[in-house]
Amino acid sequence: MTKKAAIIRGDGVGPEVVDCLLKVLRECNLQSELVLCEAGSEQWDKNGRKDDSYIPNSTMQVLEESDACYKGPTTTLPVAGAPRSVAVSLRQKFNLYANIRPCKTFERITPNIKLDCVCFREATEGLYTGVEVKITDDAAIAIRKITRNGCRRLINSALEWAERYDMKKIVGITKRNILKETDGIFWDELKRSTESKPDYQLREIYIDNMAQQMVINPEQFNGSVLISTNLFMDIISELASGLIGSIGLIYSANIGDDFAMFEAAHGSAPDIAGQNKVNPTATILSGAWMAEYLGEKHIRDAIFSATEQVVNEGKTVTFDIGGNSTTLQMTNEIIKIANQNLRK
Ligand code: NAD
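Residues numbered from 1 in each chain as written. Predicted model: local features only at pLDDT ≥ 70, side-chain atom pairs only at ≥ 80, totals over all residues. Heavy atoms only, no water.

A.B. asks: Help me understand the overall build of the protein chain in this model?
C.D. replies: Within the protein chain one finds 11 helices and 12 strands. A compact globule built from 344 residues should have a C-alpha radius of gyration of about 20 Å, and the protein chain, at 20 Å, falls within 12% of that. The dimensions of the protein chain, computed from C-alpha atoms along their principal axes, are 50 × 50 × 40 Å. Taken over 344 residues, the protein chain has a buried fraction of 54%. (Helix = DSSP H or I, 4+ residues; strand = E, 2+ residues; numbered from the N terminus. Rg over C-alpha atoms; globule rule 2.2 N^0.38 Å. Buried < 20%, exposed > 50% of the residue type's maximum accessible area, 1.4 Å probe, protein only.)

Below is the structure:
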């Protein structure tokens with residue numbers, strides 16, 4: 001049966017990069033059905049700022065009928081009474097517990113660093129449950145919720161990845177010396193899940209040391225699956241992304257048991273919106289990953305290899321990675337090579 005994905009173009013540079021992604025997928029002859037729908041602060045503004053969500057009901061209905069969605073970057077307004085972010089809402093609504101960010105450098109961009117690892121971040125609990133209690137005018141506490149079930153499902157999905165890509169080094173990032181109960185549960189589950197896999201090397205690193213190690217010797221994590229709770233991995237995956245050279249190259253997926261959301265790591269970049277200069281790489285790579293999720297892996301492979309070639313050649317690339325091509329020119333170059341790859 002044909003699979004179906006909802007496509008949210010988003011705010012700021014969102015429509016520019018998502019239109020490029022759609023062009024790439026169509027020209028690679030993707031068979032899955034793509035349904036455009038709206039979400040984000042621009043449509044919320046246009047509708048008179050009256051909704052209590054950035055995701056209209058009509059969009060929610062399309063999402064519920066789909067197998068996956070692509071979410072362009074959306075603006076989260078820092079004003080009282082504005083809705084919560086589209087990404088956080090969708091992660092919680094569809095129980096997208098695994099936020100996955102592959103971190104692989106490109107030879108031309110960082111000739112002195114060759115990083116290749118993947119970050120698995122728990123995305124539904126931890127410090128992001130949003131439960132805070134004000135005790136007095138001068139004191140407040142935030143709840144860090146960690147459950148065995150929440151840890152187990154993230155760990156299982158990380159270990160599946162390890163198996164599929166033959167990555168035998170598993171790194172659990174904790175602060176168990178201080179957070180004995182919450183990180184105790186996380187570490188316990190990680191240790192238990194790897195007990196039956198004697199060829200795996202399991203290593204625990206405290207979050208503060210991890211940040212230091214990522215800066216002084218990131219290559220020690222090559223071939224590793226890094227796993228952690230929500231806030232810790234939010235920070236470490238962002239640190240790893242910083243080593244790759246441009247936020248325009250970082251792509252990710254949020255995967256649950258029966259739905260997935262794919263997105264670039266960057267935001268709506270209002271400072272460069274409408275100028276046809278934003279780097280489309282992150283959007284194209286996350287969209288290609290969605291093609292694989294929808295059952296069309298050959299399209300993913302063709303696009304990944306084309307994008308790597310275009311970025312490494314550096315002749316038709318955007319300003320942030322040393323070129324002067326437009327968003328559309330870079331996209332067209334990727335399409336040309338992806339099509340050659342598909343014909344091979
Ligand atoms: P941002 O990622 O939008 O921009 C940070 C800087 O990086 C800007 O200078 C921007 O021009 C540049 N940049 C971003 N993407 C680029 C690309 N593909 N190519 C070249 N340069 C690029 O972060 P911000 O300015 O902190 O946030 C702007 C808005 O985006 C905020 O409303 C924020 O809430 C939202 N945001 C959304 C997401 C998301 O939807 N996933 C993620 C982060 C921020």
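Back to the text.
A.B. asks: How should I be thinking about the packing of helix α9 (residues 281–293) against helix α10 (residues 297–313) in this particular structure?
C.D. replies: Helices that pack against each other are described as a pair by the angle of their axes relative to one another and the distance between those axes. Close contact between α9 and α10 brings their axes to 7 Å; oriented N to C, the two are set at 160°. In terms of axis orientation, α9 runs roughly antiparallel to α10. Considering only the axes of α9 and α10, their crossing is left-handed. Between α9, through Thr281, Ile284, Leu285, Ala288, Trp289, Ala291 and Glu292, and α10, the contact on the second element is made entirely by Lys297, Ile299, Arg300, Ile303, Phe304, Thr307 and Val311. (Axes fitted to C-alpha atoms, helices over the stretch in contact; angles between N-to-C directions. Parallel < 35°, antiparallel > 145°, perpendicular 65-115°, else oblique. Left-handed = near helix turned anticlockwise from the far one by under 90°. Contact = heavy atoms within 4.5 Å.)

A.B. asks: I would appreciate a short explanation of α9 in the present structure.
C.D. replies: Each turn of an α-helix holds 3.6 residues, which means side chains three or four residues apart point in the same direction. Look at α9: 18 Å from first C-alpha to last across 13 residues, which is about the 18 Å you get at 1.5 Å a residue. A large share of α9 lies buried, amounting to 12 of its 13 residues. Taken together, the buried positions of α9 are Thr281, Ala282, Thr283, Ile284, Leu285, Ser286, Gly287, Ala288, Trp289, Met290, Ala291 and Glu292. Within two residues after α9, glycine 295 carries a phi angle of roughly 100°, on the positive side. (Expected span 1.5 Å × (residues − 1).)

A.B. asks: Can you walk me through a nonpolar patch on the surface in this structure?
C.D. replies: A contiguous nonpolar surface patch, about 390 Å² in accessible area, is contributed by Val131, Val133, Ile135, Ile141 and Ile143. With respect to the helices, strands and loops of the structure, isoleucine 141 is situated in strand β7 (residues 139–142). A residue is classified by how much of its surface remains accessible, and isoleucine 141, at 40% relative accessible area, is partly exposed. (Patch = residues over 30% accessible without salt bridge, like charges linked within 9 Å, V, L, I, M, F, W, Y side chains within 5 Å. Areas by Shrake-Rupley, 256 points an atom, 1.4 Å probe, with all protein chains shown as cover. Salt bridge = Lys/Arg side-chain N within 4 Å of Asp/Glu carboxyl O.)

A.B. asks: Before we go on, may I ask you to explain the site of the ligand in this structure?
C.D. replies: Lys71, Gly267, Ala269, Asp271 and Asn279 are the nearest of the 20 residues found near the ligand. For the ligand, an oxygen atom lies 2.9 Å from a polar atom in the side chain of lysine 71. Its free accessible area being 810 Å², the ligand has 66% of it covered by the protein chains. In terms of residue class, the shell around the ligand is built from eight nonpolar, eight polar and four charged. (Near = heavy atom within 4 Å. Polar contact = N/O pair within 3.5 Å; in protein donor to acceptor, adjacent residues only side chain to side chain. Nonpolar A, V, L, I, M, F, W, Y, C, P; charged D, E, K, R; others polar.)

A.B. asks: Before we go on, may I ask you to explain empty space enclosed by the protein in this structure?
C.D. replies: Where empty space is left in the structure can be found by rolling a water-sized probe over the atoms. For the structure on display, the rule yields two cavities of 30 Å³ or more. Here the largest cavity is characterised by a volume of approximately 60 Å³. Every residue lining the largest cavity is listed: Val88, Arg91, Gln92, Arg121, Ala123, Tyr128 and Asn230. For the lining of the largest cavity, a count of residues per class yields three nonpolar, two polar and two charged. Estimates place the volume of the second largest cavity at around 50 Å³. (1 Å grid on protein atoms, 1.4 Å probe; cavity = no way out; pocket = protein on both sides within 12 Å on 5 of 7 lines; lining within 4 Å. Points joined across faces, edges and corners; volume = space filled by probe spheres on them.)

A.B. asks: Teacher, can you tell me more about the packing of aromatic side chains here?
C.D. replies: Given two aromatic rings, one states the distance between the centres and the angle between the planes to describe the pair. Tallied over the full model, the rule gives nine aromatic pairs. Plain terms: the ring middles of tyrosine 251 and phenylalanine 304 are 5.5 Å apart, the flat faces sit at 80° to each other, and that makes the pair edge-to-face. Linking tyrosine 251 in strand β11 (residues 251–255) with phenylalanine 304 in helix α10, this pair joins segments that are 53 residues apart in sequence. Comparing tyrosine 251 with phenylalanine 304 shows no difference in burial state: the two are buried. Three or more aromatic residues link up through ring pairs in this structure, and these residues are Phe120, Trp161, Tyr165, Tyr251, Phe262, Trp289, Tyr293 and Phe304. (Phe/Tyr/Trp six-rings, centres within 6.5 Å; stacked < 30°, edge-to-face > 60°.)

A.B. asks: Could you clarify how one ought to interpret the nonpolar core in this entry?
C.D. replies: Side chains that are nonpolar tend, in soluble globular proteins, to be buried together. With 80 residues, the main nonpolar core has Phe120, Val225, Leu226, Ile227, Met290 and Ile303 as its most contacted residues. Excluding residues within four positions of it along the chain, isoleucine 303 makes contact with Val24, Leu25, Cys28, Ile284, Ala288, Ile334 and Ala338. Formed by 20 residues, the second largest nonpolar core is a distinct cluster that contains Tyr54, Val62, Leu63 and Val86. (Core = buried A, V, L, I, M, F, W, Y, C linked by side-chain atoms within 4.5 Å.)

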